[in-house]
Amino acid sequence: MEVMIRLCFVLFVCALLICPAMVAGQGKDREIKVTWDKESPVKKIVSPTKGKVKNVVFMIGDGMSLMTMYSTWAANRGKLNIENCRCVGLAKTYCYDRLITDSGASGTALATGHKTRYHSVGVDPDGKPLTTLTDLAAAKKKSTGVVVTCRLNDATPAAFCAHNSDREQAEAIIADYVGCGVDFIFGGGKRYFCEREDGRDIMEEMRALGYRTPENKEQLDAIESGKVLAVWADHDLPRPAERGEMLTEGTLKALELLSRNKKGFFLMVEASQIDDYGHSNQLRPLVEEVLDFDRTIGKVFEWAAADGNTLVVVTADHETGGLTLVGGDLERGEIVGKFSTGSHSGVMVPVYAFGPGAEAFTGIYENTDIFEKIKSLLKL
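Figured I'd write up the structure that's included with this text. (Residues numbered from 1 in each chain as written. Predicted model: local features only at pLDDT ≥ 70, side-chain atom pairs only at ≥ 80, totals over all residues. Heavy atoms only, no water.)

### Details of helix α4 (residues 103-112)
Each α-helix turn comprises 3.6 residues. Residues three or four places apart therefore point the same way. Here is the rule we go by: Relative accessibility thresholds used throughout: buried, under 20% of the residue-type maximum; exposed, over 50%; partly exposed, between the two (1.4 Å probe, protein chains only). Numbering goes from the N terminus for both helices and strands, where a helix is a DSSP run of H or I of at least four residues and a strand is a run of E of at least two. Only heavy atoms enter the contact rule, under which two residues are in contact if any of them lie within 4.5 Å. Here a polar contact is recorded for every N or O atom pair within 3.5 Å, except that within protein the pair must consist of a potential hydrogen donor and a potential acceptor, and residues adjacent in sequence are included only if both atoms are side-chain atoms.
Counting buried positions along α4 yields 10 of 10 residues, so the element is predominantly enclosed. Of the surrounding secondary structure, the elements contacted by the buried residues of α4 are β2 (55-61), α5 (133-139), α6 (155-161), β9 (310-315), β13 (344-345) and α15 (368-377). In this structure D102 caps α4, since a side-chain oxygen of it lies 3.1 Å from the backbone nitrogen of G104. Of the residues trailing α4, G113 is marked for its positive phi of about 80°.

This is the structure:
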């Protein structure tokens, strides 16, 4: 018995040394302090209101929440480009068979207007393919685009470009890109295009369909027309500190090319890795990702304000990490946050709208209603 007591005491002391936060009952609820040194620039941009909605840019922050945005706002000393929006709503994120959704089901709700099963992409609860916003826009002869910072087989881009009851079927999802018809595709996941178990070279198949496949920014910049498939990483794109302004540059190039269609366009842009740092409860890289997204939002707002006929909708598919801001200093760009989970939570997510038709996005509604509102405004 004495040996057992001593062993228990040793184990307890080791636990204190290795993980004091867990022994204290805090676990994921421990406080994390971040001080942001470099301010991200913000401009005042006036939203146009009188134009017709000819184009839509649908921007999704994967795992983003009001608290994510507010914490980043505080870290950036009280300013973000998203504040140029004057129309804000809240969307419910539950899916067909669970209260707490995943990105596959929530991405499908945004892309198709249908609630579906957890882990499904682009299909209904019975596994039948659904029509997406990119499909509807293409049917109206509009140009379409998808720009993401994750691998292209990941949940959100897959929901707009593929159909599968299991979002983990990477090779099958990438194969669906061959028939998706989207004009501008930008993201990661090259290994699933070229190093496949089935021996197919999806990049070559896309080239046969007329897609240009630039390997870097210089090659992408040189393209002046036509379809584009830019896949610049074997897996996800690197974090902003390594990839630089890749999300902004890819988005602006998409706007340049898609806007040449006089009938208009639909573009989906996702800041994919906010979710990753919510899962891992890493506050600093999460802020870095949101600021990168907000810089891109600012550039899109500038473009849309000059165009006058472009609606920009910014939302999230769900919240990740259960972040709470518990302290900080606005003047120093200091924030103190706590995460309550390493998974998704069930809170409603913000919906921001900028440009003509923005007033349609105020209120509280289902995430599927975002699809319906965009469809109606674009007359799809």
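There is more to say after this.
### Focus: the sheet that holds strand β11 (residues 324-329)
Condition: When DSSP locates at least two bridges between a pair of strands, those strands are taken to pair. Helix axes are fitted only over the stretch in contact, all axes being lines through C-alpha atoms; the angle between N-to-C directions runs from 0 to 180 degrees.
Judged by pairing direction, the sheet is antiparallel, and its 3 strands sit side by side in the order β1-β12-β11 without closing on themselves. Of all the strands in the sheet, the pair left with one neighbour each is β1 (31-35) and β11. In this sheet, adjacent strand axes meet at a mean angle of 25° when their direction is disregarded. Pairing of β1 with strand β12 (residues 334-338), which is carried by 5 bridges, proceeds in the antiparallel orientation. Directly across from I32, in β12, lies its bridge partner G337. Along the sheet face, helix α3 (residues 66-75) touches β11 and β12 and points at about 10° away from the line of β11. Across the sheet, helix α14 (residues 283-307) touches β1 and β12, and the angle it forms with β1 is around 50°.

### Quick word on the layout of surface pockets
The cut-off we apply is this: Think of a 1 Å grid over just the protein atoms. A cavity is a set of points where a 1.4 Å probe fits yet cannot get out, a pocket is an open set with protein on both sides within 12 Å along at least five of seven lines, and lining residues have an atom within 4 Å of a point. Grid points are joined across faces, edges and corners, and a volume is the space filled by probe spheres set on the points. Each residue gets one label: Ala, Val, Leu, Ile, Met, Phe, Trp, Tyr, Cys and Pro are nonpolar, Asp, Glu, Lys and Arg are charged, and the others, such as Gly, are polar.
Estimates place the volume of the largest pocket at around 290 Å³. Residue contributions to the lining of the largest pocket peak at 4 residues, all from α14. Here the lining of the largest pocket is built from residues that sort into 3 nonpolar, 2 polar and 8 charged. In this structure, the second largest pocket encloses a volume near 210 Å³. For the second largest pocket, the lining is made up of 18 residues, of which S103, R167, D275, H279 and H344 are closest to its centre. Of all the secondary-structure elements, those providing two or more residues to the lining of the second largest pocket are β4 (143-151) and α13 (274-279). Element by element, the count of residues in the lining of the second largest pocket is highest for α13, at 3 residues.

### Comments concerning the nonpolar core
Threshold: Residues enter a nonpolar core if they are buried and are Ala, Val, Leu, Ile, Met, Phe, Trp, Tyr or Cys, with the set joined through side-chain atoms within 4.5 Å.
F58, F160, F266, I370 and I374 are the most contacted members of the largest nonpolar core, which has 101 residues in total. No other element matches α14, which puts 10 residues into this core. Leave out the neighbours within four places in its chain, and I370 touches F58, A91, L110, V313, T315, V351, F361 and Y365. Counting residues in hydrophobic clusters, the runner-up holds 5 residues, among them A155, A158, A162 and I173.

### A closer look at the environment of A158
Tracing the sequence through the fold places A158 in helix α6. Look at A158 and you get buried, because its relative accessible area is 0%. For the pair A158 and L330, spaced 172 residues apart in sequence, the C-alpha to C-alpha distance is 39 Å. In contact with A158, other than residues within four places in its own chain, are V121, L152, N153, I173 and Y177.

### Re the sheet that holds strand β3 (residues 87-92)
In space, the 10 strands of this open sheet follow the order β6-β7-β5-β4-β8-β2-β9-β14-β3-β15, with mixed pairing throughout. The two strands at the open ends of the sheet, each matched to only one other strand, are β6 (211-212) and β15 (363-366). Where β6 and strand β7 (residues 227-231) come together, 2 bridges link them in parallel fashion. Following the sheet pairing, Y211 is matched in β7 by K227. With respect to the sheet, α14 is in contact with β2, β8 (265-271), β9 and β14 (349-354), its orientation differing from that of β2 by roughly 170°.

### Topic: the pattern of salt bridges
Which entries qualify depends on this criterion: Any Lys or Arg side-chain nitrogen located within 4 Å of an Asp or Glu carboxyl oxygen qualifies as a salt bridge.
Considering all chains together, one arrives at 24 salt bridges under this definition. The structure contains a network of salt bridges with shared partners spanning D102, R151, D154, R167 and D236.

### A closer look at the packing of aromatic side chains
Each aromatic ring pair is characterised by the separation of its centres together with the angle its planes make. Stated precisely, the cut-off is as follows: Centres within 6.5 Å make a pair out of two Phe, Tyr or Trp rings, where for Trp the six-membered ring is used; the pair is then stacked when the planes are under 30 degrees apart, edge-to-face when over 60, and tilted otherwise. A ring is considered to have a charge above it if a Lys NZ or an Arg CZ atom is located within 6 Å of its centre and within 35 degrees of its normal.
On inspection of all chains with the given rule, the structure shows 7 aromatic pairs. One aromatic cluster is present, formed by F58, F160 and F266 through successive ring pairs. The side chain of R98 reaches across the aromatic face of Y118, ending 3.8 Å from its centre. A cation over a ring is seen here: K115 above Y94, with NZ or CZ 3.6 Å from the ring centre.

### Topic: the side chain of T134
Take T134: it is sitting in helix α5. The exposure class assigned to T134 is buried, which follows from its relative accessible area of 2%. Within polar-contact distance, the side chain of T134 engages the side chain of T132 at 2.7 Å.

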